[in-house]
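# Examining the three-dimensional arrangement
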Amino acid sequence: MQIGFNFTLNATLDMVQRMIKTRQIDYCELLIDNFLHVPPKELETTLDCPIAFHIMFSKFLESDDEVLGKLAKRIRILIDALNPIYVSDHLLRFTHEGRCFYNLGEIDYETQFDAVRQRVEKWQDLLGRRLYLENFPSIMEGGWDAPAFYRRLSKETGAGVLFDASNAVCAKHNCGAPLDLWNDIIETTQHFHVAGYAQSFSAPHVIVDAHDREMAPDTIEFLSSMRSSFDKPGATITYERDINIDYDSIAVDLQRLREIFPRTQELEHADLVACAS
């Protein structure tokens with residue numbers, strides 16, 4: 001298992017470079033929206049490790065084709081130059097009937113499959129790479145329907161799943177959706193996310209994907225209990241922290257991940273990631 005860190009802002013560059021130098025991480029996942037203006041050569045020389053791309057604000061389910069096409073051209077310049085390990089995005093809504101959500105919105109898995117499939121095919125074609133789509137930290141009963149939706153979407157579009165382990169734990173807390181609904185997806189996908197979660201500030205009975213603290217014990221237990229399903233040739237797991245960024249705290253979580261996924265097994269896969277880079 002290759003362990004990475006989600007690099008979101010230039011202010012954390014020194015910290016990320018330290019993680020790379022000390023081999024706390026094996027690759028760096030760029031929140032690519034924030035780096036579209038940076039020349040590829042500069043990114044390549046600044047980050048001495050393989051990289052992956054994570055897209056946050058493409059809004060590909062809602063953007064018109066002209067806007068999406070322009071964004072894809074900018075991202076493809078970086079894809080062609082840097083050959084990321086993977087390119088990922090999200091299935092979520094930013095608006096409803098023209099009004100912007102305060103928080104990101106989950107799609108309706110029962111009624112929106114055909115529309116989502118068409119947009120995924122469009123976006124994936126524009127990017128020219130297989131797209132990995134992250135599961136949502138469900139709040140309502142959608143958590144029960146999400147695994148089957150992603151399974152069917154992958155089958156019909158060829159898109160992969162970027163499985164966020166802590167998002168699945170959030171869904172379990174919020175709507176009772178069992179983690180084992182995702183077992184076959186965990187077995188087959190290669191790319192994972194994990195982070196700390198927290199109670200919502202405005203609605204404490206809701207668990208949100210906070211990215212502001214260390215991993216919860218049940219998230220660690222989930223990863224540990226299915227360690228052999230997560231870990232496989234070419235597998236990656238990205239640790240996300242973009243609030244309350246504290247080097248020592250992040251180092252603790254990275255070490256926890258390393259203990260679950262020891263480097264001895266990763267050596268068998270290292271050549272695959274090196275090729276991808």
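Please refer to the structure placed before this passage.
Below, the structure is looked at part by part.

Definitions and limits used
Residues numbered from 1 in each chain as written. Predicted model: local features only at pLDDT ≥ 70, side-chain atom pairs only at ≥ 80, totals over all residues. Heavy atoms only, no water. 1 Å grid on protein atoms, 1.4 Å probe; cavity = no way out; pocket = protein on both sides within 12 Å on 5 of 7 lines; lining within 4 Å. Points joined across faces, edges and corners; volume = space filled by probe spheres on them. Helix = DSSP H or I, 4+ residues; strand = E, 2+ residues; numbered from the N terminus. Nonpolar A, V, L, I, M, F, W, Y, C, P; charged D, E, K, R; others polar. Core = buried A, V, L, I, M, F, W, Y, C linked by side-chain atoms within 4.5 Å. Buried < 20%, exposed > 50% of the residue type's maximum accessible area, 1.4 Å probe, protein only. Contact = heavy atoms within 4.5 Å. Pairing = 2+ DSSP bridges. Axes fitted to C-alpha atoms, helices over the stretch in contact; angles between N-to-C directions. Polar contact = N/O pair within 3.5 Å; in protein donor to acceptor, adjacent residues only side chain to side chain. Salt bridge = Lys/Arg side-chain N within 4 Å of Asp/Glu carboxyl O. Arc of directions from axis to C-beta. Disulfide = S-S within 2.5 Å.

Turning next to the layout of surface pockets. Size it by volume and the largest pocket reaches roughly 1,500 Å³. Those elements that place two or more of their residues in the lining of the largest pocket are strand S6 (99-105), helix H5 (142-157), strand S10 (198-199) and strand S11 (207-208). It is S6 that contributes the most residues to the lining of the largest pocket, five residues altogether. Here the lining of the largest pocket is built from residues that sort into 22 nonpolar, 15 polar and 11 charged.

Side chains of nonpolar character tend, in soluble globular proteins, to be buried together. Core analysis: the biggest nonpolar cluster contains 82 residues, and Leu 30, Phe 53, Leu 91, Trp 123, Phe 163, Leu 223 and Phe 230 have the highest contact counts within it. Top element by residues in this core is helix H3 (residues 65-82). It accounts for seven residues. Here Phe 163 is in contact with Asn 135, Ala 168, Trp 182, Ile 186, Thr 189, His 191, Phe 192, His 193, Phe 222 and Phe 230, once residues within four sequence places are set aside.

This part is about the sheet that holds strand S9 (residues 191-194). Strand order around the closed barrel formed by eight strands is S1-S2-S3-S4-S7-S8-S9-S12, with parallel pairing between neighbours. Across the sheet, the mean angle from the axis of one strand to that of its neighbour is 30 degrees, orientation sign disregarded. Bridge count for strand S1 (residues 2-7) against strand S2 (residues 27-31) is four bridges, and the pairing is parallel. Within S2, the position partnered with Gly 4 by the bridge is Tyr 27.

With respect to the helices, strands and loops of the structure, His 54 is situated in strand S3 (residues 51-54). By relative accessible area, His 54 is classed as buried at 2%. In terms of polar contacts, His 54 uses its side chain to reach the side chain of His 90, at 3.1 Å. At 3.2 Å, the side chain of His 54 and the side chain of Glu 134 are in polar contact. In this structure, His 54 is in contact with Asn 6, Glu 29, Leu 30, Leu 31, Ile 32, Asp 33, Ser 88, His 90, Glu 134, Leu 162, His 193 and Glu 240, ignoring residues within four places of it in sequence.

Scanning all chains against the criterion turns up 16 salt bridges. When the shortest N-O distance is used, the salt bridge between Arg 117 and Glu 121 registers 3.6 Å. Here Arg 117 and its partner Glu 121 are both found in helix H4 (residues 113-127), four residues apart, which amounts to about one turn of the helix. With a relative accessible area of 32%, Glu 121 lands in the partly exposed category. The shortest N-O distance in the salt bridge between Arg 256 and Glu 214 comes to 2.8 Å. Here Glu 214 lies in the loop between S11 and helix H8 (217-225) and Arg 256 lies in helix H10 (residues 247-260), a separation of 42 residues in the sequence.

Attention shifts here to empty space enclosed by the protein. This model, assessed by the stated rule, comprises one cavity of 30 Å³ or more. Its volume calculated, the largest cavity comes out at about 40 Å³. Considering the residues around the largest cavity, the lining is formed by Met 56, Ser 58, Lys 59, Phe 60, Leu 61, Asp 89, His 90, Leu 92 and Phe 94. By residue class, the composition of the lining of the largest cavity is five nonpolar, two polar and two charged.

Now for the pairing of strand S12 (residues 236-239). Of the two faces of S12, the one holding Thr 236 and Thr 238 and the one holding Ile 237 and Tyr 239 are both buried throughout. The pairing of S1 with S12 spans four bridges and is classified as parallel. For Phe 5, the partnering residue across the bridge sits in S12 and is Tyr 239. In this sheet, S12 lies alongside S9 in parallel orientation, the contact comprising four bridges. Bridged to His 191 within S12 is Thr 236.

Residues of H8 that are buried: Thr 219, Phe 222 and Leu 223. Viewed end-on, H8 has its buried residues packed into an arc of 95 degrees, placing them on one side of the element. Among the exposed residues of H8, those pointing more than 90 degrees away from its buried face are Pro 217 and Glu 221.

If you check the backbone angles, Arg 23 has positive phi at about 60 degrees while not being a glycine. Looking at the element boundaries, Arg 23 is found in the loop between helix H1 (13-21) and S2. In this structure Arg 23 comes out as partly exposed when scored by relative accessible area, which is 44%. Residues other than glycine seldom take positive phi values, yet Asn 244 does so here, at roughly 55 degrees. Tracing the backbone through its elements, the reader meets Asn 244 in the loop between S12 and H10.

Time to look at the state of the cysteines. This model, assessed by the stated rule, comprises zero disulfides. Between Cys 49, a free cysteine, and Cys 28, which holds the nearest cysteine sulfur, the sulfur-to-sulfur gap is 5.3 Å. Given the relative accessible area of 16%, Cys 49 is considered buried. In this structure Cys 170 is not part of a disulfide, and its nearest cysteine sulfur, from Cys 175, lies 10 Å away.

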